[in-house]
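# Survey of secondary and tertiary structure
Each chain is listed here by its residues.
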Amino acid sequence: MLWAEILDAFVGTLRDIFPIVTMILVFQFVVIRRPLPGARRVVLGFVYVIVGLSLFLVGLEEALFPLGRLMAKQLTDPSFIFGGIGHIPAIVHWSAYYWVYIFAFAIGFSTTIAEPALLAVAIKARQVSGGAIGIWGLRIAVALGVAVGLALGSYRIVTGLPIHYFIIAGYVVVVIQTMFAPRLIIPLAYDSGGVTTSTVTVPLVAALGLGLAETVPGRNVLIDGFGLIAFASLFPIMSVMAYAQISGFRARRERSRNPEST
Amino acid sequence: MPQSLKVMARSLLGSLRDLSPAILVVMFFQLVVLQQPLPNLGQLLFGTLLVVLGLTFFINGLEMGLFPVGESLARALARKGSLFWLVAFAFTLGFGTTVAEPALIAVAEEASEIAAQAGVIGSSGQAQESYALGLRLTVAFAVGLAIVIGVVRILKGWPMHWMIAAGYVIVVAITAIAPREIIGIAYDSGGVTTSTITVPLVTALGVGLASSIRGRNPMIDGFGLIAFASLTPIIFVMIYGMVVN
């Protein structure tokens, strides 16, 4: 039973990685026409990636996802939210869903910390920046962005406000921040929007969004159920630029306070 | 070898630490907020063990396989000096990794159901399937194009923020005229396109390229490819929604 699941995940990962490996081989041997440097190690590395990703996915499916999905359902269930009243009011005040916002924030933060793609980018960023951008600093900044994005996205679903108001306002903030942020961080900040939502976050977030849109009175699953991922991809851009601005500001203050030490 | 065992143990501990916030959050909500017992504790522990092992293997494999391959290919292509092959590589990388992406397949299916319910396309299974396939090809093309634009940007050293700002303006302009049902899906499709395998490879491509071209800073010019890949699908999915309409 479990072995079948692991095998399934393994085959699935192989199928995902197959076009990439084919392409790399074609370019390496047909276009560049040179053997791969350190081929043995690289092949072993690919085997590790496939094995690792398969185990990771099966483990999530066994441990976190069923519980997370169940929770998203229970937390949005009217009998939990209006437990004492016994009936569902026709017009719901958005603050009744406070546990949902807290859950969205907490699950967004914690799953982003565990996101492998983000870790990959953080490793590269530290290496390229010569250690100026720490792995943990970047991960926590991105995780905070995802957390705020998901909490706000849940609020949007509960209130039913149109998604593009929020996204466009977010774009305006990003553009303004770009003018003041240190130049070095800008491309990395823009990238962190896209890397946050892959393996871990998307399935949980989708369950939360659809659960909310189904149970909040007056919401349409089709129009209101989507959009959480968009929030989770937009807010890390702001939080990473803010992180760079704050650490730049602190470094400047530190310098002005004790000028001899620098 | 005790040395490599030590390294392995350290990275296992690191993975456990990465996962612990998620475990704590789930336990807190289950036990304190919802006040339910933990179901299948054994299964939960075993699943956590698998996740920790998987994360450890993945990170080690990343540094041994995906990163060096991405960078050495980018360097070799840059040395070759052929714009055609570089652009071809960029497009295939974007298109090839996206068209089979499971998250995208799921989103495309949901979108086709929505389109059928909104009466944009026929409600027959065939009409929905061709709509979903069209959507997948659209997004894959958009990501391929995004990586090409990003690579050309690295070669030319154009500043990133002007291009992203222009992309935002296009998104906002198209939002105003796109059918309302497609907007949520379009915005989401930007986030789901970049998978766990694509991200390290694309990052290595950008950094490798920027560090092998004189006058480029890998920090300023090397990053940013994923940002383009998250922006263009939003635009193209909305256009797709309008064209099919």
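Everything that follows concerns the structure shown earlier in this document.
Reference entry: report on the structure contained in this document. Bear in mind the structure is a predicted one, so any value in this text is a computation, not a measurement. (Residues numbered from 1 in each chain as written. Chains lettered and ligands numbered in written order. Predicted model: local features only at pLDDT ≥ 70, side-chain atom pairs only at ≥ 80, totals over all residues. Heavy atoms only, no water.)

### Focus: the nonpolar core
- Formed by 158 residues in total, the largest nonpolar core has its most connected members in Leu188, Tyr190 and Leu234 of chain A together with Tyr187 and Met238 of chain B.
- In terms of residue count, helix 2 (residues 41–80) of chain B provides more of this core than any other element does, 14 residues in total.
- Two domains each donate at least three residues to this core, and these are domain 1 (1–62) and domain 2 (76–261) of chain A.
- Apart from the residues lying within four places of it in its own chain, the contact partners of Tyr190 of chain A are Val174, Thr178, Ile237 and Met241 of chain A together with Met160, His161, Ile164 and Ala227 of chain B.
- Counting residues in hydrophobic clusters, the runner-up holds five residues, among them Ile6, Leu55 and Val58 of chain A together with Leu50 of chain B. (Core = buried A, V, L, I, M, F, W, Y, C linked by side-chain atoms within 4.5 Å. Buried < 20%, exposed > 50% of the residue type's maximum accessible area, 1.4 Å probe, protein only. Helix = DSSP H or I, 4+ residues; strand = E, 2+ residues; numbered from the N terminus. Domains from an automatic or database assignment. Contact = heavy atoms within 4.5 Å.)

### Details of the interface of chain B and chain A
- Every contact between the two is made by 92 residues of chain B and, on the other side, 89 residues of chain A.
- Buried area between chain B and chain A, both sides added, is near 8,300 Å², and the carbon and sulfur share of it is 79%.
- By the criterion of area lost to chain A, the three top residues of chain B are Met64, Tyr168 and Met219 of chain B, representing 9% of everything that side buries.
- We note a salt bridge from Lys124 of chain A to Glu71 of chain B, for which the minimum N-O separation is 2.3 Å.
- Linking chain B with chain A are 10 residue pairs in polar contact (both at pLDDT 80 or more).
- Residue classes in the side of chain B that touches chain A are distributed as 58 nonpolar, 25 polar and nine charged. (Buried area = accessible area lost by both parts, 1.4 Å probe. Salt bridge = Lys/Arg side-chain N within 4 Å of Asp/Glu carboxyl O. Polar contact = N/O pair within 3.5 Å; in protein donor to acceptor, adjacent residues only side chain to side chain. Nonpolar A, V, L, I, M, F, W, Y, C, P; charged D, E, K, R; others polar.)

### Some details on the pattern of salt bridges
- Taken as a whole and judged by the stated rule, the model has three salt bridges over all chains.
- Among the salt bridges present, the one from Arg139 of chain A reaches Asp18 of chain B, with a minimum N-O distance of 3.1 Å. Placement of Arg139 of chain A in helix 7 (residues 135–159) and of Asp18 of chain B in helix 1 (residues 2–33) is noted, with the two residues assigned to different chains. Accessibility assignment for this pair places Arg139 of chain A and Asp18 of chain B in one class, buried.
- Where Glu71 of chain B meets Arg75 of chain B, a salt bridge forms, and the shortest distance between an N and an O atom there is 3.5 Å. Of this pair, Glu71 of chain B and Arg75 of chain B both sit in helix 2, four residues apart, which is roughly one turn of that helix.

### Digging into helix 5 (residues 98–113) of chain A
- For helix 5 of chain A, which comprises 16 residues, the first-to-last C-alpha distance of 23 Å matches the rise-based estimate of 22 Å (1.5 Å per residue) to within 8%.
- For helix 5 of chain A, the full list of buried residues reads Val100, Tyr101, Phe103, Ala104, Ala106, Ile107, Gly108, Ser110, Thr111, Thr112 and Ile113 of chain A. (Expected span 1.5 Å × (residues − 1).)

### Concerning the packing of aromatic side chains
- Tallied over the entire structure, the rule returns 17 aromatic pairs over all chains.
- Residues Phe166 of chain A and Phe231 of chain A carry aromatic rings whose centres are separated by 5.6 Å and whose planes lie at 55° to one another, so their mutual orientation is tilted. Taken together, the residues span a long stretch of sequence, with Phe166 of chain A in helix 8 (residues 163–180) and Phe231 of chain A in helix 12 (residues 228–257) at a distance of 65 residues.
- Among the residues examined, Phe166 of chain A registers a relative accessible area of 17% and is labelled buried.
- When the centroid spacing of 5.5 Å and the interplanar angle of 90° are considered together, the rings of Phe28 of chain B and Phe29 of chain B count as edge-to-face.
- Overall, the relative accessible area of 1% leaves Phe29 of chain B in the buried class.
- Pairwise contacts between aromatic rings join Tyr98, Trp99 and Phe103 of chain A together with Phe28 and Phe29 of chain B into one cluster.
- Taking the ring centre of Phe67 of chain B as reference, the NZ or CZ of Lys124 of chain A above it sits at 4.3 Å. (Phe/Tyr/Trp six-rings, centres within 6.5 Å; stacked < 30°, edge-to-face > 60°. Lys NZ or Arg CZ within 6 Å of the ring centre and 35° of its normal.)

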